[in-house]
Each structure stands twice: as C-alpha cells, then as structure tokens.
Amino acid sequence: MQNPPPGQQTSMGLAQNVAAALAYIWIVGLIFFFIEKENKFVRFNGMQSVLYGVLWMVIFIALMIVSVIITIVGGVASTAAGDAGGIIGILLSLIQLLVWLIVPLLYFGGLILAAVKAYQNKVFKFPLIGNFAEKFAGGVS
C-alpha cells in the first residue's frame, strides 16, 4: 500500500488531498465515489467514508436497543428491590450516559483522523472496512 503522489488534481478540479479529506463528510464521500472516475485515492476515501458511516449506524442502532433494555431492567430493579434497586437503577443510568458520551466521540475521532490522513496524502485504512473500500474503489493509488 503506497501513498499517492501529492499535488494531483481530481476530475472535479479539486486538489486530490482536499477532495479526499472532504470525502469524510458522509454524503460528500458518496457523491465523490460516484462522480470521480479517475482518481482512485479520492474514490477509496469516499467509499471508506460511506462504509464507516454505515458501520457506525449499525453500532448506534445496537446501542439504542441495549439502552432500552438497560432502562427497562433499571426501572424494574428500582421498583422491585427498594433502596438497593434504586442504587442499581442509578448506576445503570450513569453507565448508559457515559457510553452515550464516549461512543460519539470515538466516531468523530475516527472521522477526524481519517480526514487528516487523507489531507496529508497518506493512505489510512480502518480495520475491517478499509480492505472492502479498496476493493470497491478499484485500488487506492
């Protein structure tokens, strides 16, 4: 996996590194993947952005389901067990709050990291989805 040469232009008239970094805005990545036919680096970053967004949507949906279950369990525990149940319910709510603060930060941190690497003209592949993105884009450089 070799980094593409810097200074190349895309067929859209943008600098390669700027287009690749902008591709991490999810809808822009989808548009760049379909519009850009020549620059594989931009296509790769666009597809990786789309796959990253889909992966995190699945994670957020799973997290919402787990949150609903935790809320129900916490409510039942606080009702059934009196004071001890109330403490358990509060602890479950605090853990849930912490998870809902950390997970979005991880998502945005990954997006920023990938966009910065793309702007530096460096190939950065996310685990699991990077190889799929390369395959869909027809290569990286």
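Preceding this section is the structure that the text describes.
The structure contained in this document is the topic of the report that follows. (Residues numbered from 1 in each chain as written. Predicted model: local features only at pLDDT ≥ 70, side-chain atom pairs only at ≥ 80, totals over all residues. Heavy atoms only, no water.)

## Brief notes about the overall build of the protein
Check the secondary structure of the protein and you find 5 helices and 0 strands. Going from the N terminus to the C terminus, the protein shows its helices and strands as α-α-α-α-α. On C-alpha atoms alone, the protein measures out to a radius of gyration of 21 Å, which is more than a quarter above the 14 Å that the 2.2 N^0.38 rule sets for 141 residues. Taking the principal axes of its C-alpha atoms as reference, the protein extends roughly 65 × 25 × 20 Å. Expressed as a percentage of the 141 residues in the protein, the buried residues total 36%. Pairs at least 24 apart in sequence give 67% of the contacts found in the protein among residues at least 6 apart. By element, 76% of the accessible surface of the protein is carried by carbon and sulfur atoms, the whole surface being about 8200 Å². For the protein, the separation between the mean place of its 7 positive charges and that of its 4 negative charges on side chains is 11 Å. (Helix = DSSP H or I, 4+ residues; strand = E, 2+ residues; numbered from the N terminus. Rg over C-alpha atoms; globule rule 2.2 N^0.38 Å. Buried < 20%, exposed > 50% of the residue type's maximum accessible area, 1.4 Å probe, protein only. Contact = heavy atoms within 4.5 Å. Areas by Shrake-Rupley, 256 points an atom, 1.4 Å probe, with all protein chains shown as cover. Lys, Arg positive; Asp, Glu negative; His and termini not counted. Charge placed at Lys NZ, Arg CZ, Asp CG, Glu CD.)

## Focus on the side chain of Gln16
Considering the arrangement of structural elements, one finds Gln16 in helix α1 (residues 16-22). Classification of Gln16 by relative accessible area gives buried; the value is 1%. Side-chain polar atoms of Gln16 contact the side chain of Asn39, separated by 3.0 Å. Polar side-chain contacts of Gln16 include one of 2.8 Å to the side chain of Asn121. Apart from residues lying up to four places away in sequence, Gln16 is in contact with Pro4, Pro5, Gln8, Gln9, Thr10, Asn39, Phe41, Val42 and Asn121. (Polar contact = N/O pair within 3.5 Å; in protein donor to acceptor, adjacent residues only side chain to side chain.)

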